[in-house]
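Single-letter residue listing:
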Amino acid sequence: MAYSDKVLEHFKNPRNVGTMDKSDKNVGTGLVGAPECGDVMRLQIQVDPETNTIVDAKFKTFGCGSAIASSSLATEWLKGKSVDEALTIDNMDIVEELALPPVKIHCSVLAEDAIRSAIADYQQKNGMKVTSNAEKAH
Amino acid sequence: MAQNTRRVYLDNNSTTPTDPRVVEAMLPYFYQMPGNAASRNHPFGWEAEEGVDYAREQIASLIKVDPKEIIFTSGATESDNLAIKGVFEMYRSKGNHIITVKTEHKAVLDTCHKLEKMGAEVTYLDVAADGLIDLAALEAAIKPSTILVSVMWANNETGVIQPMKAIGDICARHGVLFMSDATQAVGKIPVSPKETGVHLMAFTSHKMYGPKGVGALYVSRKAPRVKVTAQMDGGGHERGMRSGTLNVPGIVGFGKAAEIAGKEMAQDAERLSKLRDKLEAAFLANLEEVYVNGNRENRMPHVTNISFKHVEGEGLMMTFNQNIALSSGSACTSASLEPSYVLVALGLGDDLAHSSLRFSLGRFTAEEDIDYVIEKVASGVNHMRDLSPIWEMYKEGIDLNSVTWQEH
């Protein structure tokens with residue numbers, strides 16, 4: 001299977017790889033997937049509580065090229081967005097942007113789950129109402 | 001980068017390059033000698049038949065059987081189908097039970113699944129962590145209705161070689177036919193079905209430096225005389241067991257490949273096992289959490305299957321697949337999203353199966369290739385571990401089994 005140029009580009013130059021302090025109140029961490037399934041994504045956001053804006057995002061992913069590209073793209077899209085805007089990111093947007101084939105759609109689903117999970121973690125930590133529905137049906 | 005033009009092929013268990021000496025032997029049979037080997041009334045047919053007969057002798061000589069016991073087919077998949085379905089149909093009145101192994105190739109497993117729908121009862125034996133079957137379990141599985149035991153000679157993913165002679169003895173003791181898919185073994189290690197007690201054996205040209213599209217089924221003619229029901233109807237070629245015009249250039253090439261293998265197998269095996277051991281030793285010495293899958297003593301000389309823990313196989317391959325050809329047991333290389341059933345049958349967790357790479361060396365692998373692969377794969381593993389959250393967790397001392405994962 002050939003990968004799209006965009007997947008290859010993100011794979012070769014992954015954006016925002018790294019680790020934030022997950023005990024920081026302003027950091028939300030989402031860890032989704034399982035080693036047994038061949039994909040684990042950890043996505044972290046740092047939120048400015050004044051503006052409710054995501055000022056930084058980092059990821060680490062265990063997975064195939066499409067999973068790494070999906071999470072790399074997600075961090076790029078998250079930076080500068082408000083938490084509410086971030087929740088509008090749909091996995092199909094990622095599929096479209098990266099031209100993922102049907103067999104790799106689950107990678108985009110995982111990335112969307114990681115975003116929602118990170119936001120939920122941030123909201124929970126700060127005693128806010130959790131607005132991301134982590135149970136979103138696929 | 002100049003290095004981008006470099007290409008190293010370590011996927012010889014998928015297919016081997018055709019040896020130039022084989023290509024040379026084939027060429028006259030495309031144009032100068034274009035006849036149909038079944039044409040009995042003109043020199044074109046005679047020449048073609050001579051070419052086929054000679055190839056049959058070359059192949060028979062490699063595996064020490066009578067040339068009449070070689071049935072040409074389109075490849076090992078067809079040979080597996082013909083052997084198993086053909087035996088089931090021919091010996092149905094004697095019983096309907098077949099014994100095989102969970103780590104067999106799909107050409108055997110899916111054939112057995114098909115026969116189950118047609119009234120066969122199939123036992124799929126487990127393997128131990130090293131990939132070997134339990135001989136006592138095999139013997140215990142044999143019952144009066146058992147007509148066939150099918151065990152592959154060497155596994156395509158791990159290179160693990162089953163105790164063939166011991167299995168042959170068990171089958172002989174119980175009067176059960178013994179079939180083997182020897183696709184990965186013939187031409188690479190000495191294989192003698194007669195000395196081993198194998199009555200039917202499938203193998204193919206393109207795994208031993210011959211062309212694709214031609215294979216063979218050995219069918220014992222004496223003690224016991226085995227018959228298989230043809231699975232294709234037509235002109236009655238190959239003693240009625242496999243109709244269809246013979247692929248003369250392919251068969252000639254297969255024969256030449258067998259002849260070369262007979263002469264060079266021992267030196268190839270010795271050289272490749274040293275390179276394979278060098279590759280393995282380098283990864284084990286330079287990287288943490290590296291696991292060699294399958295029995296390392298009873299193993300093909302040119303194969304190693306290695307799991308690089310906390311790195312996903314397909315992603316890892318992407319770091320070097322412009323330059324190095326390998327296979328992975330990762331789910332992501334298949335459409336099924338399931339990791340290698342062979343590695344799972346060895347008891348590897350799905351996580352280690354997802355992290356596996358298969359290196360299969362070949363006649364044209366040079367030592368510089370191995371040095372290059374060691375460097376590129378090790379740096380790929382390190383790069384992917386830097387990206388891996390579970391590697392980070394492992395390094396922090398977190399027990400990954402204690403984590404509640406959000407599975408999909």
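Here the structure is shown first, and the text comes after it.
Rules used in this analysis
- Residues numbered from 1 in each chain as written.
- Chains lettered and ligands numbered in written order.
- Predicted model: local features only at pLDDT ≥ 70, side-chain atom pairs only at ≥ 80, totals over all residues.
- Heavy atoms only, no water.
- Helix = DSSP H or I, 4+ residues; strand = E, 2+ residues; numbered from the N terminus.
- Buried < 20%, exposed > 50% of the residue type's maximum accessible area, 1.4 Å probe, protein only.
- Contact = heavy atoms within 4.5 Å.
- Areas by Shrake-Rupley, 256 points an atom, 1.4 Å probe, with all protein chains shown as cover.
- Lys, Arg positive; Asp, Glu negative; His and termini not counted.
- Charge placed at Lys NZ, Arg CZ, Asp CG, Glu CD.
- Disulfide = S-S within 2.5 Å.
- Expected span 1.5 Å × (residues − 1).
- Pairing = 2+ DSSP bridges.
- Right-handed = clockwise from strand over helix to strand, strands pointing away.

A. Seen up close, the overall build of chain B. Across its full length, chain B holds 13 helices and 13 strands. Taken along its principal axes, the extent of the C-alpha atoms in chain B is 75 × 55 × 35 Å. Evaluated residue by residue, chain B yields a buried proportion of 59% over its 408 residues. Of the contacts made within chain B by residues no fewer than 6 positions apart, 73% connect residues no fewer than 24 positions apart. Of the roughly 16,600 Å² of accessible surface on chain B, a fraction of 52% belongs to carbon and sulfur atoms. Across chain B, the 41 positively charged side chains and the 51 negatively charged ones have centroids separated by 7 Å.

B. Main features of the state of the cysteines. For the structure shown, the criterion picks out zero disulfides over all chains. In this structure C107 of chain A is a free cysteine whose sulfur lies 3.8 Å from that of C64 of chain A, the closest cysteine sulfur available.

C. Region of the structure containing helix α3 (residues 76–90) of chain B. Residue and element names in this part refer to chain B. With 15 residues, α3 extends 20 Å from end C-alpha to end C-alpha; this agrees with the ideal 21 Å at 1.5 Å per step. Burial of α3 is extensive: 12 of the 15 residues sit out of reach of the surface. Looking at α3, one finds that the buried residues are A76, E78, S79, D80, N81, L82, A83, I84, K85, G86, V87 and F88.

D. Quick peek at the pairing of strand β5 (residues 146–150) of chain B. All names here are of chain B. The buried fraction of β5 amounts to five of the five residues, a majority that puts the element mostly inside the structure. Both strand β3 (residues 97–101) and β5 contribute to a ladder of three bridges, which runs parallel. Residue pairing in the sheet places H97 in a bridge with T146 of β5. After leaving β5, the chain enters helix α6 (residues 164–174) and then returns to the sheet as strand β6 (residues 177–181), a path that is right-handed.

E. Inspection of unusual backbone geometry at higher detail. Residue A223 of chain B is joined to P224 of chain B through a cis peptide bond whose omega torsion reads 0°. Along the chain, P224 of chain B turns up in the loop between β8 (215–219) and α8 (248–286). The phi torsion at A99 of chain A lies on the positive side, around 55°, for a residue other than glycine. For E238 of chain B, which is not glycine, the phi torsion reads 50° and is therefore positive. Counting through the fold element by element, E238 of chain B comes out in the loop between β8 and α8. Its relative accessible area of 8% is what places E238 of chain B among the buried residues.

None of the figures reported here should be taken as evidence of function without further support.
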